[in-house]
Amino acid sequence: MEWSFRDEFLAATHRWYLIMLCCLLGSLAGWSVAMLWPSPVRVTKELFVGLNVYQSGNDRGAIQHAGLPFQNANDYKNWQMASLNTVIYMDSILDETLTRLRTMDAYWQGVSREELAEMLHVYWRNAGKWRLVARHENQTYATQAVLTWQDVIVERVHLAVAEAQNALLIASQLEAIANARAITEQQQLLLQQTKIQLEGWRTRLTEQPLLRDEERMRLWLEFTQVAEGEEWQLAKDAFPVDGSPNRAYLAWLEEVLPLLNREIELAQEQIKAQSQQYAELSAQYSQAVEASLGLSAELLVQKISDRKLQLTVERPTGVLILSGAFVGLVAWAMGWLIRPALRMMS
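Residues numbered from 1 in each chain as written. Predicted model: local features only at pLDDT ≥ 70, side-chain atom pairs only at ≥ 80, totals over all residues. Heavy atoms only, no water.

## Remarks on the pairing of strand β1 (residues 41-51)
Across the 11 residues of β1, nine count as buried, placing the element largely inside the fold. For β1 and strand β3 (residues 128-136), the ladder comprises nine bridges, and the chain directions are antiparallel. Residue pairing in the sheet places R42 in a bridge with R135 of β3. As paired strands, β1 and strand β4 (residues 299-303) are joined by five bridges and run antiparallel to one another. Note on β4: the bridge partner recorded for F48 is Q302. (Buried < 20%, exposed > 50% of the residue type's maximum accessible area, 1.4 Å probe, protein only. Helix = DSSP H or I, 4+ residues; strand = E, 2+ residues; numbered from the N terminus. Pairing = 2+ DSSP bridges.)

Have a look at this one:
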């Protein structure tokens, strides 16, 4: 007897209840899977992330954290986005999140930091909208996790950005002190050189006759290059007049050289004070940079208040029921195709 697809199909349609039964059993199997193996729920909360990339060249803290200079604004932006991504998964962030969750619900007492980290995810492509996601079988716990995580991230990032701004302020102060110290050191060097020159004049005045006009003018110019300010006015007024004997110039030098020594000592004390102030500020700067976590002073992270939580069920019950029905239909079809072959073999 030859097998006829038409006859078999007609026979199968007369047994439609078997098809329905297989689909129903498959649906029940899908529903059972949904009940026995609950689908994880993904709760999503959006954050806004903004960055002013035009300050990239002045962000010494970020450059120090990166360990290399940024070639362009795009490199700076990419580094900041990667740094922020790292920060939100830091142990301190997760620990604070878990601490707050434990005060919120007893369930979190038995959850470790590693388990919490597995629940939390962040998705982003660039600055702008970042999506924080918590994945859990229980919608309530997923919601608690993502909202608490968001709060901790925003708070910690704001603190880090404030430290970055403080680091920028300290950096400008360090630059000002360094410039002032350089000027003081230059002035001290000039004072020391002038002292050497005047001591040379003292030696020459004891060995040579009356000063010539050009020598007298050179002595005056060497002196006046450092004699600035009211404290030097008396010394200027006491400079011997033209034609004075050498002993007048020697007496004048004996009055001027102690003044130079005092100015050199004052410059040394000022350099010492500036160096100490620079060292103290450098320590504060290092602390601020460390506390900034490498984030930019121009980074902005804030909540998007008008965006509601997004809820996604990874394996919806309806999909599992439909999938079970389809599997039941496929099982019936396989049996329908195999049965005629078995009859022909017997």
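## Some points on the nonpolar core
Core analysis: the biggest nonpolar cluster contains 38 residues, and L84, W108, W149 and L299 have the highest contact counts within it. Going through the elements one at a time, β1, α4 (73-87), α5 (91-104), α6 (113-119), β2 (120-123), β3, α7 (139-205) and β4 are the ones with two or more residues in this core. Looking at this core, the element that brings in the most residues is α7, giving 11 residues. When sequence neighbours within four positions are dropped, the list of residues in contact with W149 reads I88, Y89, I93, L94, T97, L120, H121, V122, L132 and V133. Listed in part, the 20 residues of the second largest apolar core include W201, F223, W252 and L253. (Core = buried A, V, L, I, M, F, W, Y, C linked by side-chain atoms within 4.5 Å. Contact = heavy atoms within 4.5 Å.)

## What to know about the side chain of T184
For T184, the location among the structural elements is in helix α7. The contacts of T184, once residues within four sequence positions are left out, are A267, Q270, I271 and Q274.

## Regarding the packing of α7 against helix α10 (residues 246-291)
One can describe the packing of α7 onto α10 by two numbers: an axis separation of 7 Å at closest approach and a directional angle of 160 degrees. By the criterion of interaxial angle, the relationship of α7 to α10 is roughly antiparallel. For α7 against α10, the interelement crossing comes out left-handed. Its residues assigned to classes, the contact of α7 with α10 shows 27 nonpolar, 15 polar and eight charged. (Axes fitted to C-alpha atoms, helices over the stretch in contact; angles between N-to-C directions. Parallel < 35°, antiparallel > 145°, perpendicular 65-115°, else oblique. Left-handed = near helix turned anticlockwise from the far one by under 90°. Nonpolar A, V, L, I, M, F, W, Y, C, P; charged D, E, K, R; others polar.)

## Section: α5
Given a rise of 1.5 Å per residue, 14 residues ought to cover 20 Å, and the 20 Å separating the end C-alpha atoms of α5 matches this to within 8%. I93, L94, T97, L98 and L101 are the residues of α5 that are buried. The buried residues of α5 all sit within an arc of 125 degrees when viewed along its axis, so they share a single face. Against the buried residues of α5 lie α4, α6, β2 and α7. (Expected span 1.5 Å × (residues − 1). Arc of directions from axis to C-beta.)

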